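Each chain is listed here by its residues.
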Amino acid sequence: MDDIDAWVWWLIGAAGLGIPLVVTAMPEFGMLAVGAVAGAVTAGIGGGVVLQVVVFTAVSVALIAVVRPIAARHRTQRPQLATGIDALRGRQAVVLERVDGSGGRIKLAGEIWSARSLDTDRAYDVGQEVDVVDIEGATAIIM
């Protein structure tokens, strides 16, 4: 065990931290792995054990402090290009057959959709423009 250089141990530690990164998809393990690689580089250029641990800690903490909030912000943002049913929410449609709480038909984005009123007491007549508030299966919920 004494024959192995310190930088090899740091690389083994980085690989060890990469395994839970892949298994759990927690990016913090990746940031710690990058810190371990920085410790390996420090050991490779002749830095002492204390310096290696300081570099590992500094790089890991810096990455977690900087990258994690950016990643969290991107995770909570909605995609700028809406596709599928997300692209249909909020669009306007034209009533083709009277729509009430039990059903009807609308023309939405050039296609004919079954629809029902969000407010079950409200009815929409043919030719009226309505707003699509949600899609449930193949039925547009309008108001």
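Look a little higher up for the structure.
A brief structural summary.

### Overview of helix H3 (residues 49-76)
Thinking step 1. Compared with the 40 Å implied by 1.5 Å per residue over 28 residues, the 40 Å span of H3 between its first and last C-alpha is a close match.
Thinking step 2. Of all the bends in H3, the greatest, near 30 degrees, is centred on valine 67, and the proline proline 69 appears no more than four residues after it.

### Looking at the pairing of strand E2 (residues 103-108)
Thinking step 1. In terms of strand pairing, strand E1 (residues 92-100) meets E2 through four bridges, oriented antiparallel. When the sheet's bridge partners are listed, glutamate 97 is paired in E2 with arginine 105.
Thinking step 2. Adjacent in sequence and paired antiparallel, E1 and E2 are bridged by two residues.
Thinking step 3. Bridge count for E2 against strand E3 (residues 111-117) is four bridges, and the pairing is antiparallel. Residue isoleucine 106 lies in a different strand from E3, and its bridge partner there is tryptophan 113.

### Concerning a nonpolar patch on the surface
Thinking step 1. Side chains of Trp7, Leu11, Val37, Val41 and Ile45 sit close together on the surface and give an oily, nonpolar patch of about 470 Å² of accessible area.
Thinking step 2. Looking at the nonpolar patch, the elements with two or more residues in it are helix H1 (6-24) and helix H2 (27-44).
Thinking step 3. Within the element layout of this structure, leucine 11 appears in helix H1.

### Here's the deal with the sheet that holds E2
Thinking step 1. Within the closed barrel, the five strands sit side by side as E1-E2-E3-E5-E4. Their pairing is mixed. The sheet shows a mean angle of 50 degrees between the axes of neighbouring strands, direction not considered.

### Some words on the packing of aromatic side chains
Thinking step 1. If you walk through the whole model with that rule in mind, you get one aromatic pair.
Thinking step 2. Measuring from ring centre to ring centre gives 5.3 Å for tryptophan 10 and phenylalanine 56, while their planes differ by 40 degrees; the resulting arrangement is tilted. Linking tryptophan 10 in helix H1 with phenylalanine 56 in helix H3, this pair joins segments that are 46 residues apart in sequence.
Thinking step 3. Of the residues examined, phenylalanine 56 reaches a relative accessible area of 21% and is grouped as partly exposed.

### Description of the nonpolar core
Thinking step 1. One finds Ile106, Leu108, Val132 and Ile142 to be the most contacted residues of the largest nonpolar core, which totals 14 residues.
Thinking step 2. At the level of secondary structure, the elements contributing two or more residues to this core comprise E1, E2, E3, strand E4 (129-136) and strand E5 (139-142).
Thinking step 3. Apart from the residues within four sequence positions on either side, isoleucine 142 is in contact with Val99, Ile106, Ala115, Arg116, Ser117, Leu118, Tyr124, Val130, Asp131, Val132 and Val133.
Thinking step 4. Counting seven residues, the second largest nonpolar core, distinct from the first, contains Leu17, Ala33, Ala36 and Ala43.

### With respect to the pattern of salt bridges
Thinking step 1. Taken as a whole and assessed by the stated rule, the structure comprises five salt bridges.
Thinking step 2. Between aspartate 134 and arginine 89 there is a salt bridge whose closest N-O contact spans 3.0 Å. Remark: arginine 89 occurs in the loop between helix H4 (85-88) and E1 and aspartate 134 occurs in strand E4; sequence separation between them is 45 residues.
Thinking step 3. Here aspartate 125 ties to arginine 98 by a salt bridge, and the two come within 3.1 Å at their closest N and O atoms. Highlighted residues: aspartate 125 in the loop between E3 and E4 and arginine 98 in strand E1, separated in sequence by 27 residues.
Thinking step 4. You can call arginine 98 partly exposed: its relative accessible area is 48%.

Definitions and cut-offs
- Residues numbered from 1 in each chain as written.
- Predicted model: local features only at pLDDT ≥ 70, side-chain atom pairs only at ≥ 80, totals over all residues.
- Heavy atoms only, no water.
- Helix = DSSP H or I, 4+ residues; strand = E, 2+ residues; numbered from the N terminus.
- Expected span 1.5 Å × (residues − 1).
- Bend = angle between axes of the 7 residues up to and from the residue.
- Pairing = 2+ DSSP bridges.
- Patch = residues over 30% accessible without salt bridge, like charges linked within 9 Å, V, L, I, M, F, W, Y side chains within 5 Å.
- Areas by Shrake-Rupley, 256 points an atom, 1.4 Å probe, with all protein chains shown as cover.
- Salt bridge = Lys/Arg side-chain N within 4 Å of Asp/Glu carboxyl O.
- Axes fitted to C-alpha atoms, helices over the stretch in contact; angles between N-to-C directions.
- Phe/Tyr/Trp six-rings, centres within 6.5 Å; stacked < 30°, edge-to-face > 60°.
- Buried < 20%, exposed > 50% of the residue type's maximum accessible area, 1.4 Å probe, protein only.
- Core = buried A, V, L, I, M, F, W, Y, C linked by side-chain atoms within 4.5 Å.
- Contact = heavy atoms within 4.5 Å.

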